[in-house]
Amino acid sequence: MDFLIFTISMAALIYGADFVIKESEKIALYFNISSFVIGATLVAVGTSLPEMAVSMSASAKGSADIAVANVIGSTIFNISLVLGLVFLLAKKIQPDRDLFAKDSAWSIFPILIFILMGIDGKISMFDGILFLCMMGAYLLFLINSNSIEKSEGDLKKEKFNWIKTIILLLLGFIFVIVGANFAIDSAGNIARGFGISEWIIGLFLVAFGTSLPELIISVKSALKNNADLAIGNIIGSNVANFTMVLGLSSIINPLNVDFNSYFFDICAAFVVSLMLVLITANKLYNKSAGIALLVVLGLVIQNSLV
C-alpha cells in the first residue's frame, strides 16, 4: 500500500510541478525574459518545487536525513543523469550564452557553502537565512544578466490569460504540497519496512522522483535545440535546491548533517558540480562529456548498493 501511495504522491508532485513550469514560462515570455534566465529562474524554481515540498515536509516531521539527502541526491541526478542524457540525446549543443564566464561559478558556490556550514554537523536557522540571502544574490545576478540579453526570437509569445494562469499555478502548488506530504510518510514506511536508512531512500527514491521534472524539461529543451534553457534549468535548480530548499527546511527545523557517514555522496555532489564547471570552461557539450557524467552516477549507485 505504501508503494502505491508513494507512486501516486510522486505523480502528483510531478504533474503539479509541470503546471507551475508551463505557466511560469508563459509569464516569463510575456515579459520578454531571455531563454537562459527563464530556465535558471522560473523553470528552475518550478522544477525544484518537489524537492522543496519534500524536504520542508521531512524537516517538519524530524526526518533530517531525507531532507538533506534529497538535495544531495537531486544535485547528483540533475548533473550526472539529466545533463548526461542531454549531451547524449541532443544532436548539437551550442549555447548562445558564455556559460563558463557568466554562470559556471553558481554551480559550485552552493555546495561549497553547504560543506562549510555543515562542518559543525548542523545546518541551523541562521545558516538557512544565509542560504536565502544567497538565493537573493543569484536572482539579482540573473536580473542584471537579463537586462543585457534580449529574449530569443524563436521563443514566440503565446496568448496570455492571467485568470487561467493563476488557477493552474494554484492547482500546481496544491498538487506539489499534498503530494510531498504523502510521499514523505510512505517513503519513511518503506524504509523502515525494508530496514533501509532514510538517507538512502532520500538519496535515490525521493531524489530521483523529484528530479524527473528537470529531466523532462531539460531533455525536451535540448531536443528542440534550446540548450540555454536546458543548462540554465540545471544550474538554476541546483542553486535553488541548496539555497531555497535547505534554507527553508533548516528554518523550519535545524538539520543534522553526518559528514562521516555520507562523505562519499557529498563528495560525489561536489565532483559533478566541479565537472559542470570544467565542461563549460572547455565547451565540452558532447556525448563524451555525457558518458563521463553517467560514469559518476554509476559509481554513486555502486557505492550505495555495497
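For the structure, check the block above.
Residues numbered from 1 in each chain as written. Predicted model: local features only at pLDDT ≥ 70, side-chain atom pairs only at ≥ 80, totals over all residues. Heavy atoms only, no water.

> Explain the packing of aromatic side chains here, please?
Each aromatic ring pair is characterised by the separation of its centres together with the angle its planes make. Tallied over the entire structure, the rule returns eight aromatic pairs. Ring centres of tryptophan 106 and phenylalanine 109 lie 5.7 Å apart, and the angle between their planes is 70°; on these two criteria the pair is classed as edge-to-face. Ring centres of tyrosine 138 and phenylalanine 141 lie 6.3 Å apart, and the angle between their planes is 25°; on these two criteria the pair is classed as stacked. Pair noted here: tyrosine 138 and phenylalanine 141 are both in helix 6 (residues 125-148), with a separation of three residues, about one helical turn. (Phe/Tyr/Trp six-rings, centres within 6.5 Å; stacked < 30°, edge-to-face > 60°. Helix = DSSP H or I, 4+ residues; strand = E, 2+ residues; numbered from the N terminus.)

> What should I look at first to understand helix 9 (residues 227-252) in this one?
One turn of an α-helix holds 3.6 residues; hence residues three or four places apart share an orientation. Over its 26 residues, helix 9 runs 36 Å from end to end, which matches the ideal 38 Å to within 8%, given 1.5 Å per residue. Its maximal kink placed at asparagine 241, helix 9 deviates by approximately 30°. Burial within helix 9 is extensive, with 23 of its 26 residues counted as buried. (Expected span 1.5 Å × (residues − 1). Bend = angle between axes of the 7 residues up to and from the residue. Buried < 20%, exposed > 50% of the residue type's maximum accessible area, 1.4 Å probe, protein only.)

> Looking at this structure, how should I read the packing of helix 3 (residues 64-89) against helix 11 (residues 287-305)?
Close contact between helix 3 and helix 11 brings their axes to 8 Å; oriented N to C, the two are set at 145°. In the crossing of helix 3 with helix 11, the sense of the turn from one axis to the other is left-handed. On helix 11, the residues that touch Ile76, Phe77, Ile79, Ser80, Leu81, Leu83, Gly84, Phe87 and Leu88 of helix 3 are Lys287, Ala289, Gly290, Ile291, Leu293, Leu294, Leu297 and Val300. By residue class, the composition of the contact of helix 3 with helix 11 is 13 nonpolar, three polar and one charged. (Axes fitted to C-alpha atoms, helices over the stretch in contact; angles between N-to-C directions. Left-handed = near helix turned anticlockwise from the far one by under 90°. Contact = heavy atoms within 4.5 Å. Nonpolar A, V, L, I, M, F, W, Y, C, P; charged D, E, K, R; others polar.)

> Is there a simple way to explain a nonpolar patch on the surface in this structure?
The grouping of Tyr15, Leu171, Ile174, Phe175, Val178 and Phe182 at the surface amounts to a nonpolar patch, some 570 Å² of accessible area in total. With five residues, the top contributor of residues to the nonpolar patch is helix 7 (residues 162-194). Along the polypeptide, leucine 171 turns up in helix 7. (Patch = residues over 30% accessible without salt bridge, like charges linked within 9 Å, V, L, I, M, F, W, Y side chains within 5 Å. Areas by Shrake-Rupley, 256 points an atom, 1.4 Å probe, with all protein chains shown as cover. Salt bridge = Lys/Arg side-chain N within 4 Å of Asp/Glu carboxyl O.)

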